[in-house]
Amino acid sequence: MLKINMVPLPDAVMSHSTEEEFDKPIVLHLWPTVLLRNLLPYPITFKLKGNGDFPSTSLKEGHSSQIHTAIMDFSTLELRLLGYLQQDWESHYSLCSDHDEINFIKFRSLGLDEEPEARPELDIAVHVKKEEGQAVVAIHSPYWMVNKTGRLLQYKADDIHRKHPKNYDMPLLFSFKPRNFLQNNKIRLMVSESELSDDFSIDTVGSYGDVKCKGRHKDYMVGVKIDATSFSLTRLVTFLPFYMLVNRTKHVLHVCEEGVELWTEMRPGQAAVPFWPEKDSKKLRVKVEGCQSSPRAFDFHQPENCLLLHLDRTLGGIIVDVNLTEHSDVIRFSDYHDGAAPFLLINHTKDEVLQFHQSTKKRKCSTWVQNEILDISLSLGEEIEPLCSQAEFDKLDPGQAVYYTWAEPTGSRILSWKWGKFKGELKSEEDQLLDVNEEGKLFVISFYEGLQRVALFTTERRVYKKICENEKVELAEQEISISLQNMGISLVNNTTSQEVAFIGITSSDVVWETKPKKRSRWKVLSGKEATVLEQRYKDYMESGPVDSTIIDLENDYQVLFAANGVDMRIMQPFDAPLRRNFLPALKVEYSVSTRQKTYRVQINRIQIQNQLPGAIFPFVFYPVKPPKSVSMDSEPKPLADVSIITRAAGHSDILRIKYFKVLIQEMDLRMDLGFLYAILELLTAEHASAVTSEQEVELFEKDIEYLKTELNHVSATDTSPISLYEYFHISPIKLHLSFSLSTGGEDGNKKERETEIIPLQSLHLLLKSIGATLTDAQDVLFKLAFFELTYQFRTTQQLQSEVIRHYSKQAIKQMYVLVLGLDVLGNPFGLIRGLSEGVEAFFYEPYQGAIQGPEEFVEGMALGVKALVGGAVGGLAGAASRITGAMAKGVAAMTMDEEYQQKRREAMNKQPSGLREGLTRGGKGLVSGFVSGITGIVTKPIKGAQKEGAAGFFKGVGKGLVGALTRPTGGIIDMASSTFQGIKRAAETSQDVESLRPPRFIHEDGVIRPYKEREGIGSQMLQSIENGRFAKYRYFAHAKVNESDFLMITKRGIFFVTKGTFGQLTCEWQYLFDEFTKAPMIVEGRRLRIEAKERVKSVFHAKEFGKIINFKTPELAKWVLAKLEDARESLPK
């Protein structure tokens, strides 16, 4: 018996004749009752029971099969899972029409050697989706566990205990008990013979972290990656060794931990080798087969970028890179390449030997502050006594050159030199142009030639001058500057004839600028000064001035105002030209000289408006104004500011990025589902149908392929050029997110949208399968720490992926914690959980960030300031020693990860319980209720910096940390997030965001014409009369009668509208065109007379035969009359 479902759908038809009557055509769609999908990574067979005996059918992994003979609520499927854990399993599933979306069935093992009662069981999930005409039944497992550790793993949760053999390379199918399925489930892990780890969640897709299992002899660190599969129902949980060794050299290498004599062998071209440290030495020794020199030791728990290890004379050296992420520490060995040596030393003198050695200062004690991908480390310890009193000097004869690398890789990274009576130090990340003791006898020049740092010692002033000229900042030979005052982009969906969004890039309010004597650029004055000047200038202009006037201001300024607004000056406290200006919406500057290029891009403000009727959030995106206390003391800042200076490195074509800084201000993003649908509809192609079954299989095969990739598989496709980034900094990102699940307005296509828009379907499935529900989120604050590199070589592709990973990983984790209330591995606010003692994430308020335009940077260098990298805050890493005064303004807030036990966030939008009274967020991201020890972290460094500059700051941080560590108070030490949900941003909720323009009015013919503001205003008024009572009418025109009254003309009639005291609009009277008895006419010049069918308003009123409307001018009355005639003509006859 064949069973088919028929679904009739009306067909679209066009007819030219109006007379002919015809039956409406209908298309019949025929569907099988059930579509069975096998979403397990193993084949299954199924057999239908209940109506006749059918042979069993096999179904390959990822494939689907139509079942034409199934009867819902009657038939049963007999299922077999083949070859899982080297045995077959069986189960039954009854087809019911009223099943939950996700339910479970039990598979029992068919192993021959077991008793029927003791046979292992397996919980497998079934997802049922009722589509029009058929039920799609998907057999899947909630989790695929993948073991890449090379050791036996065991998973425990509630009363579940699963063993995962070390050599089983296919996924283990895992599920929590069905009764607990929708709760916040966690598992515990065991590696080999270790103890159980702490429990952790495996639901947070896209979030990676590490898990520690304590053992008798050693602790096991395991990296955990949680990814989504292409079909969203299954989470792919990969366990990998945290430490991995990769050999990219041509030699066989042997490594072992310091203090252990167990050597691990690595062959060239072999996949990554797992490495399990046994001691806490944090140092690795490496020896190369066939090399005579003793093994070299280096630190493997902190990032290294291109560390060259010196071998014997035949083999030269090998390079070590240590790359830390939140779920792995990859130690990579590669062959020597140009530029790998820290120095090329050249003794360009006639008769004196150059002596040099690695400085005996030890690298500072390891309270390493490290960022996820920042390969910069700065230490908070004091100097330690030299290791030995006398270091051996190497010698370099006159006229000779030598490549130098560190003799002791774990020692200091400073090279001490001695030449005759002169001596000094060199660092590989510092340029030097030095006339030693200013005697003109010896010149030391340290600079880059391509990838290689060169240290040249010479006695010839001519050579010194030549190199100085090359290295000096050059004046631009050509400059291009483009400024745009305002820009607008309108997004219109022409199939629905609706404007969806308007994106405005706008200029600033009035700013006052002055030009100090030595500066070539105009400098913007602070908010406080500008407010005083603007007020006095307005008073001055209102007095109708003829001559220039000198005015004394309250803030001890004396200014000269000019009637023409041009020749204005500040007289006191300094003499400088003054001008009243605005900052353009978009400004792009580019300058070029022989060896240098500079770029500056500034975007003042971006505002995105939701132009759909009935929008829940009319403003989708806008910059948040800083608190008044801040804006008064500082000049206005653009939303985004990018400043870049690049130079050629010597004679090579390698690019040197001297300064690259991006500063992004605080932002607000507000989305509702209606707007999201409208944007997706606008961007997806009209006939982009759902995924075909062939595509589904292809995607499934990609999932399986992904499982089988080797450890630390590296793509070989990166061909982008390598560059040297001397200073690269992207500011923290601070974003307020509000999200609503209602669509707003009337949404006719809601049903069809929910089935059509694929990204939203996947999200829905994913959340459904982890038992999380997305609720409305109100003002959730994301704080993403900054990204910084100093003196690092990177290809463009490497850098791009690092930056994207840096911000996206933090955003994903914070999304889980703040919006969905789930727990994540690691610290959502910090970056990597350190392998060393301390972990501090860097975050500072974006409005405190300082950025230098190329010109200021150049001026600073010309004035002899050593490369003013870093700006006021945030550039703590490389630039801290150069920042003194500005430090007190706001020190990077740090997140302590010491005790961070991922406490679950309070349920969304409930008042947080147990918080102290008067919890406020004073614009500084501070949560009161801190322990005094923790406030010490913030306050002490500031005090230190005020007293002793930057050095004091670091002493202060040390003190602050001690304060925090000695008071182990529970709870979340969570300074980087002041979002306890119940707290409203009292100080900043009145954001004064104004609409840039009303939505575009699109005429009935659907043609997109140039925007007319009058039509936009009129159409918006019609929508809002008496809360949308007349929103169904089509707008035609409107005119102002007096200050509070309007005449509104629609396609069907006219309304007389009055504006109330609070701006509400009400309709006083209305006539449809059908009620007119005569054509409207103008009487007495400016009075419009409308005659219509008689109306009796009430018993006490006289009969009414129309209205007379008084306009202000005869021209307006004529214009209205013409519009009325046009509207009546367009009526269907």
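J.: For this particular structure, what's the right way to read the overall build of the protein chain?
T.: Within the protein chain, the secondary structure is distributed over 13 helices and 68 strands. Looking at the protein chain as a whole, 50% of its 1133 residues qualify as buried. Here the analysis covers contacts within the protein chain between residues at least 6 apart in sequence; of these, 63% occur between residues at least 24 apart. If you sum the accessible surface of the protein chain, you get close to 55,200 Å²; carbon and sulfur atoms cover 52% of it.

J.: Is there a simple way to think about the sheet that holds strand 10 (residues 121–131) in this case?
T.: Backbone-to-backbone hydrogen bonds pair the strands of a sheet. The strands run either parallel or antiparallel. Spatially, 9 strands are ordered 5-4-7-8-9-10-11-3-6 in an open sheet, and the strand pairing comes out mixed. Both outer strands of the open sheet, strand 5 (57–59) and strand 6 (64–67), are each paired with one neighbouring strand and no more. Along the sheet, successive strands turn relative to each other by an average axial angle of 25°, direction set aside. Examined bridge by bridge, strand 9 (residues 102–109) and strand 10 share 7 bridges and lie antiparallel to one another. Among the inter-strand pairings, Phe 107 is bridged to a residue of strand 10, identified as Leu 122.

J.: I'm lost on the environment of Cys 96 in this one. Help?
T.: Along the chain, Cys 96 falls in the loop between strand 8 (87–94) and strand 9. The exposure class of Cys 96 is partly exposed, given its relative accessible area of 22%. Considering only alpha carbons, one finds Cys 96 and Val 128, 32 residues apart in sequence, at a separation of 9.7 Å.

J.: Any chance you could explain the packing of aromatic side chains here in plain terms?
T.: When we look at a pair of aromatic rings, we describe it by the centre distance and by the angle of the planes. Summed over the entire model, instances satisfying the criterion amount to 42 aromatic pairs. Here Phe 242 and Tyr 243 contribute two aromatic rings whose centre-to-centre distance is 5.2 Å and whose plane-to-plane angle is 75°, an arrangement assigned as edge-to-face. A single burial state applies to Phe 242 and to Tyr 243, both of which are buried. For the ring pair Trp 419 and Phe 422, a centre distance of 6.2 Å and an interplane angle of 10° mean the geometry is stacked. Here Trp 419 matches Phe 422 in class, with each residue buried. What links up through ring pairs into an aromatic cluster is the set Tyr 143, Tyr 155, Phe 174, Phe 176 and Phe 239.

J.: What should I look at first to understand the pattern of salt bridges in this one?
T.: Opposite charge on two side chains lets them pair, provided their charged atoms get close. Inspection of every chain in the model, using the stated rule, returns 42 salt bridges. Arg 600 is the salt-bridge partner of Asp 641, the closest N and O atoms lying 2.8 Å from each other. Placement of the pair is Asp 641 in strand 53 (residues 640–648) and Arg 600 in strand 50 (residues 596–603), with a sequence separation of 41 residues. Residue class for Asp 641 comes out buried when judged on its relative accessible area of 4%. Here Lys 1078 ties to Glu 1091 by a salt bridge, and the two come within 3.9 Å at their closest N and O atoms. On the criterion of sequence distance, the pair formed by Lys 1078 in the loop between strand 65 (1065–1072) and strand 66 (1081–1083) and Glu 1091 in strand 67 (residues 1087–1095) is long-range, its members being 13 residues apart. Lys 1078 sits in the partly exposed class, given a relative accessible area of 43%.

J.: Can you walk me through a negative patch on the surface in this structure?
T.: Taken together, the side chains of Glu 61, Glu 698, Glu 701 and Glu 705 define an acidic patch exposed on the protein surface. Looking at the secondary structure, you find Glu 61 in the loop between strand 5 and strand 6. Given a relative accessible area of 30%, Glu 61 falls into the partly exposed group.

J.: When you look at helix 12 (residues 1013–1024) in this model, what are you seeing that I'm missing?
T.: Each α-helix turn comprises 3.6 residues. Residues three or four places apart therefore point the same way. Between its first and last C-alpha atoms helix 12 spans 17 Å; for 12 residues at 1.5 Å apiece the expected length is 16 Å, and the two agree. Among the residues making up helix 12, those that are buried are Glu 1015, Gly 1016, Gly 1018, Ser 1019, Met 1021 and Leu 1022. Packing partners of the buried residues in helix 12 comprise strand 62 (1035–1040), strand 63 (1045–1050), strand 64 (1053–1059) and strand 65. Remark: Glu 1026 follows helix 12 within two positions and exhibits a positive phi of approximately 45°.

J.: When you look at the sheet that holds strand 13 (residues 153–157) in this model, what are you seeing that I'm missing?
T.: Taking strand neighbours across the sheet as the criterion, the 3 strands line up as 14-13-16 in an open arrangement whose pairing is antiparallel. Both outer strands of the open sheet, strand 14 (160–164) and strand 16 (188–191), are each paired with one neighbouring strand and no more. With direction set aside, neighbouring strand axes in the sheet form an average angle of 20°. Two strands pair when backbone bridges link them, and strand 13 and strand 16 are joined in this way by 4 bridges, in the antiparallel orientation. For Tyr 155, the partnering residue across the bridge sits in strand 16 and is Leu 189.

J.: I'm lost on helix 1 (residues 461–471) in this one. Help?
T.: Among all positions of helix 1, only Val 463, Tyr 464, Ile 467, Cys 468 and Glu 471 are buried. Down the axis of helix 1, the buried side of the element spans an arc of 130°, and every buried residue falls inside it. Exposed and oriented more than 90 degrees from the buried face of helix 1 are Arg 462, Lys 466 and Glu 469. On the buried face of helix 1, the contacting elements are strand 29 (343–348), strand 37 (432–435), strand 38 (443–449), strand 39 (452–458), strand 53 and strand 54 (655–664).

J.: Help me understand the pairing of strand 45 (residues 549–552), please; the structure alone is not making it clear to me.
T.: Successive residues of a regular strand alternate their side chains across the two faces of the sheet. Sheet topology places strand 45 next to strand 46 (residues 558–561); 4 bridges connect them, and they run antiparallel. Bridge pairing in strand 46 places Asp 552 opposite Gln 558. Between strand 45 and the antiparallel strand that follows it, strand 46, lie 5 residues; Asp 556 among them carries a positive phi value of about 65°.

J.: How should unusual backbone geometry be read in this particular structure?
T.: Peptide bonds are trans in most cases, and residues, glycine excluded, mostly fall at negative phi. The amide bond that connects Gln 572 to the next residue, Pro 573, takes the cis arrangement and shows omega of 0°. The residue Pro 573 is located in the loop between strand 47 (568–572) and strand 48 (576–582) in this model. You will see that Ser 192, though not glycine, has its phi angle at about 45°, which is positive. With respect to the helices and strands, the residue Ser 192 is situated in the loop between strand 16 and strand 17 (208–213). The exposure class of Ser 192 is buried, given its relative accessible area of 19%. Within the chain, Ser 232 stands out as a residue other than glycine whose phi angle is a positive 65°. With respect to the secondary-structure elements, Ser 232 resides in the loop between strand 18 (220–228) and strand 19 (235–241). For Ser 232, a relative accessible area of 7% corresponds to the buried category.

J.: So what exactly am I meant to see when it comes to the environment of Met 72 here?
T.: Structurally, the position occupied by Met 72 is in the loop between strand 6 and strand 7 (76–84). On the basis of relative accessibility, which here comes to 24%, the residue Met 72 falls in the partly exposed class. With near-sequence residues (within four places) excluded, Met 72 lies in contact with Val 34, Leu 95, Cys 96, Ser 97 and Ala 135.

J.: It is not clear to me how a nonpolar patch on the surface should be interpreted in this structure. Could you clarify?
T.: A surface patch of nonpolar side chains, about 530 Å² in accessible area, is lined by Leu 2, Ile 4, Met 6, Leu 28 and Leu 30. Listing elements by their share of the nonpolar patch, those giving two or more residues are strand 1 (4–10) and strand 2 (26–32). With respect to the helices and strands, Leu 28 occurs in strand 2. You can call Leu 28 partly exposed: its relative accessible area is 49%.

J.: What is the right way to look at the side chain of Glu 304 in this model?
T.: Structurally, Glu 304 can be placed in strand 26 (residues 304–310). A relative accessible area of 6% means that Glu 304 is categorised as buried. Here Arg 413 takes part through its side chain, which lies 2.9 Å from a polar atom of the side chain of Glu 304.

J.: Where do I start with the environment of Lys 441 in this structure?
T.: Tracing the backbone through its elements, the reader meets Lys 441 in the loop between strand 37 and strand 38. Taking the C-alpha atoms as reference, Lys 441 lies 8.5 Å from Arg 461; in sequence the two are 20 residues apart. Those residues within four positions of Lys 441 in sequence are excluded, and the remaining contacts are Phe 422, Asp 435, Thr 458 and Thr 459.

J.: Got a minute to help me understand the confidence of the model for the protein chain in this structure?
T.: Any region with low pLDDT has predicted coordinates that should not be read closely. Of the residues in the protein chain, 77% have a pLDDT of 70 or more, and the chain-wide mean is 77. The model gives residues 364–390 a pLDDT under 50, and that stretch makes 80 contacts with residues more than four places away or in other chains. Counting interchain partners and residues more than four positions distant, the pLDDT-below-50 stretch residues 861–990 has 233 contacts.

Cut-offs and rules
Residues numbered from 1 in each chain as written. Predicted model: local features only at pLDDT ≥ 70, side-chain atom pairs only at ≥ 80, totals over all residues. Heavy atoms only, no water. Helix = DSSP H or I, 4+ residues; strand = E, 2+ residues; numbered from the N terminus. Buried < 20%, exposed > 50% of the residue type's maximum accessible area, 1.4 Å probe, protein only. Contact = heavy atoms within 4.5 Å. Areas by Shrake-Rupley, 256 points an atom, 1.4 Å probe, with all protein chains shown as cover. Pairing = 2+ DSSP bridges. Axes fitted to C-alpha atoms, helices over the stretch in contact; angles between N-to-C directions. Phe/Tyr/Trp six-rings, centres within 6.5 Å; stacked < 30°, edge-to-face > 60°. Salt bridge = Lys/Arg side-chain N within 4 Å of Asp/Glu carboxyl O. Patch = residues over 30% accessible without salt bridge, like charges linked within 9 Å, V, L, I, M, F, W, Y side chains within 5 Å. Lys, Arg positive; Asp, Glu negative; His and termini not counted. Charge placed at Lys NZ, Arg CZ, Asp CG, Glu CD. Expected span 1.5 Å × (residues − 1). Arc of directions from axis to C-beta. Polar contact = N/O pair within 3.5 Å; in protein donor to acceptor, adjacent residues only side chain to side chain. pLDDT = per-residue confidence, 0-100.

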